[in-house]
Amino acid sequence: MDRRSDEFLLGESPTREAAYDDPESPFIPTFRVEPMASVKGRKRPLRTICIVLAAVSLLSFGVVLLKPLSYLDIDVEKAATFLSNFTTLVPDNLRNDTKYITSWISAGWKRIPIIAKFIPSHVDNSAPPFAFGEVFDVPRLSQAIKSPIIEWHEVLDDLGCWSLWESVQTTQSHPRGSFSLNWLKLDVSWTRTPDWVKLTPPGVTDSHASFWSLATLGFPEARANNLQSTNYPSPQHQVSLPPDDQLLCFDYLYYMGAQNAWEWESDYGPAWRFVGQHMRWNASLESLANEHARRAMNVPVNEPTPPYISIHIRHGDFRNYCNDVPLDQCFASLPVIARRVAEVQEELRTQKGIEVTQVIMTSDERDPEWWSGVRALGWTWVDYTTERTEEIYGKWYPVFIDAVIQSNGAGFVGTHGSTMTTLARRRVESWHDGPTRVVKWGSPNADDH
């Protein structure tokens, strides 16, 4: 079975349709797992980082598809001037001479991307929304893609948006919901996009939309020709509005492709090449993650952080895809993972002349015996319980720190089919020119090679 991504895996699940009840999950989860006892602070792997893909799809509109803002007389260092203060009514805060684009993280052609906060769809629901700029270095990203970037704050208004969700799947006949709309106090009237926005042929069961097809709706002719599509009045005020021309917005941009579905797995993937690789970490978050990594490796205060190999092994929800295969035969064993680590070490040695002995494991596995095996290999991990990370910094931070540690490895070993692995692999390859490997699983000897 081809495990190109978590979503592809779930696409094969016979219970997928019943799982659309979670409006925030790009993974359309088909189960809920009760918390188990943690092992040295390890918790269920949080898939929140994958919400980033939706943000990248949004940003990619302005960079990959249409006229970049570098052709305009725009100082990206003064991006804030494009929005006076996004805390009152939307129309009053938008410049008349500028057009915008947005969607909801849940998941330009002369348009300024507006990015919403992360929402706790895969973190404890008591956690508050988390600002995009607290995770990523927005000024650096803005300079790299030559476009101002604006972040949503609390607003209150009626807004007309496009709903593409109905056009790309057949199990739901309404727009894709998002809790972000409640936090932003937006009352949205949705207009269904035409069916031709779907990337794959109608008979193919897939939820991807085409970048270029959606892009046409940002231009006068295509917009005018499709305003007669099904319109849903806003739920609170029952106002029927056409899609806003100045603030172009869509309900769900997670499943997007320029040429094919699952382009994140391909080296040509424009979303990563033109946007994703420029989304570097916020300096404070990166410093915090480095401190955690140093303590995990017992690095003395006065010594530099040594190069290390990062690992991401995902077991928790992937158990559902083992079917009748016993877990000890479905998942790759620690010796199999160690073989991949050895390959990365050898490549670092022969191609870069670096001898890397430090290995940091990140995983959602909760079996104490498994973690004892990790320790027996001489590897380490961040003990979030001892560190009191969640207590001190908040519920979001363990997953953020894991992601930063994964991305800063001199080399990386991950789990086939996991989006978190895909992001970490891309970052190590692009940011550090590091060797990476992905461990296959699902059947006995799946990773033989």
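Described in the following lines is the structure provided in the data block. The written sequence of each chain sets the order in which its residues are numbered from 1. A pLDDT threshold of at least 70 governs which residues receive local features in this predicted model, and a stricter bar of 80 or more applies before side-chain atom pairs are shown or counted, although totals over entire chains, interfaces and linings include all residues. Note that water and hydrogens are dropped before the side-chain values are worked out from all heavy atoms of the structure.

So, about the overall build of the chain. Going along the chain from the N terminus, every DSSP run of H or I of four or more residues is numbered as a helix, and every run of E of two or more is numbered as a strand. Counting its regular elements, the chain contains 17 helices and 13 strands. Surface summary for the chain: the accessible area is close to 18,900 Å², and the carbon and sulfur share equals 50%. Calculation of accessible area relied on Shrake-Rupley with a 1.4 Å probe; when residues are assessed, cover is drawn exclusively from the protein chains displayed.

Before going further, it helps to spend a moment on unusual backbone geometry. Trans peptide bonds make up most of the peptide bonds, and negative phi angles are found at most residues other than glycine. One non-glycine residue, Trp262, adopts positive backbone phi at about 55°. Among the secondary structure elements, Trp262 is positioned in the loop between β9 (256-257) and α9 (270-274). Any residue under 20% of the maximum accessible area for its type is buried, any over 50% is exposed, and the rest in between are partly exposed; the area is computed with a 1.4 Å probe on protein chains only. By relative accessible area, which is 13% here, Trp262 ends up buried. With a phi angle near 50°, Asp433 is a residue other than glycine that sits in the positive phi range. Mapped onto the elements, Asp433 comes out in the loop between α17 (419-432) and β13 (436-439).

Turning next to the nonpolar core. Residue types Ala, Val, Leu, Ile, Met, Phe, Trp, Tyr and Cys, when buried and joined through side-chain atoms within 4.5 Å, form a set referred to as a nonpolar core. Core analysis: the biggest nonpolar cluster contains 36 residues, and Phe132, Val135, Trp281 and Ile405 have the highest contact counts within it. Ranked by the residues each element gives to this core, the list is headed by helix α16 (residues 397-407), at seven residues. Judged by nonpolar contacts, the second largest core, of 21 residues, contains Leu334, Ile337, Val341 and Leu348.

The next thing to look at is helix α12 (residues 334-352). Expected span of a helix: the number of residues minus one, times 1.5 Å. For α12, with 19 residues, the first-to-last C-alpha span of 26 Å sits near the 27 Å given by 1.5 Å per residue. Of the residues making up α12, those classed as buried are Leu334, Val336, Ile337, Arg340, Val341, Val344, Gln345 and Leu348. Should any heavy atoms of two residues lie within 4.5 Å, those residues are considered in contact. Its buried side turned inward, α12 meets β10 (308-313), β11 (358-363), α13 (368-376), β12 (411-415) and β13. Following α12 by one or two positions, Gly353 has its phi on the positive side, about 70°.

This part is about the packing of helix α10 (residues 283-296) against α16. Where α10 meets α16, the closest approach of the two axes is 9 Å, and the angle between their N-to-C directions is 80°. Here α10 is positioned roughly perpendicular relative to α16, judged by the angle of their axes. Facing Leu285, Glu286, Leu288, Ala289, His292 and Ala293 of α10, the residues of α16 in contact are Tyr397, Phe400, Ile401, Val404 and Ile405. The classification used treats Ala, Val, Leu, Ile, Met, Phe, Trp, Tyr, Cys and Pro as nonpolar, Asp, Glu, Lys and Arg as charged, and all other residues, Gly among them, as polar. Of the residues belonging to the contact of α10 with α16, the class tally is nine nonpolar, one polar and one charged. Whenever a helix is involved, its axis is fitted only over the stretch in contact; in every case the axis is a line through C-alpha atoms, and angles between N-to-C directions fall within 0 to 180 degrees. Here the word oblique covers every angle except those under 35 degrees (roughly parallel), over 145 (roughly antiparallel) and from 65 to 115 (roughly perpendicular).

With that settled, the discussion passes to the state of the cysteines. By convention in this document, the label disulfide applies to cysteine sulfur atom pairs within 2.5 Å. A full pass over the atoms with the stated rule returns two disulfides. Residue pairing for Cys161: its cysteine sulfur links by disulfide to Cys249, the two sulfurs lying 1.9 Å apart. Its torsion about the S-S bond being -95°, the disulfide of Cys161 and Cys249 is classed as left-handed. Placement of Cys161 in strand β4 (residues 157-163) and of Cys249 in strand β8 (residues 247-249) is noted, with a sequence separation of 88 residues between them. Judged by relative accessible area, Cys161 falls into the buried class, the value being 0%. Residue Cys249 is classed as buried on the basis of its relative accessible area, which comes to 1%. The disulfide partner of Cys322 is Cys330, and the gap between their sulfur atoms is 2.0 Å. Disulfide Cys322-Cys330: the torsion about the S-S bond is -80°, which places it as left-handed. Classification of Cys322 by relative accessible area gives buried; the value is 2%. Sequence-ordered numbering of the bonded cysteines in the chain gives a disulfide pattern of 1-2, 3-4.

The next point concerns the packing of aromatic side chains. The criterion for an aromatic pair is that two Phe, Tyr or Trp rings (for Trp, the six-membered ring) have centres within 6.5 Å, with stacked assigned to planes under 30 degrees apart, edge-to-face to planes over 60 apart and tilted to the rest. This model, assessed by the stated rule, comprises 24 aromatic pairs. Residues Phe118 and Phe400 carry aromatic rings whose centres are separated by 6.2 Å and whose planes lie at 55° to one another, so their mutual orientation is tilted. Of this pair, Phe118 sits in the loop between β2 (111-115) and α4 (138-145) while Phe400 sits in helix α16, placing them 282 residues apart in sequence. Ring pairs connect the aromatic residues Phe118, Phe130, Phe132, Phe136, Trp281, Tyr393, Trp396, Tyr397, Phe400 and Trp431, which therefore count as one cluster.

The parallel open sheet is built from four strands, whose spatial order is β3-β2-β1-β8. At either margin of the open sheet sits one strand with a lone partner, and together these are β3 (150-151) and β8. Paired strands are those between which DSSP finds at least two bridges.

This part covers the environment of Thr230. Within the element layout of this structure, Thr230 appears in the loop between α8 (220-225) and β7 (231-232). The class of Thr230 is partly exposed, set by a relative accessible area of 44%. Residues Thr230 and Trp190 lie 40 residues apart in sequence; the distance between their C-alpha atoms is 8.3 Å. Beyond its immediate stretch of four places on either side in the chain, Thr230 contacts Trp190, Thr191 and Arg192.

This brings us to the sheet that holds β12. Spatial ordering of the open sheet is given by β11-β10-β12-β13, a layout of four strands whose pairing is parallel. At either margin of the open sheet sits one strand with a lone partner, and together these are β11 and β13. If you compare each strand with its neighbour and ignore which way they point, the axes differ by 15° on average. Sheet analysis places β10 next to β12, joined by three bridges and oriented parallel. Among the inter-strand pairings, Ser310 is bridged to a residue of β12, identified as Phe412. Helix-sheet contacts for α12 involve β10, β11, β12 and β13, and the interaxial angle to β13 is about 170°.

Any functional reading would require information beyond the geometric quantities listed.
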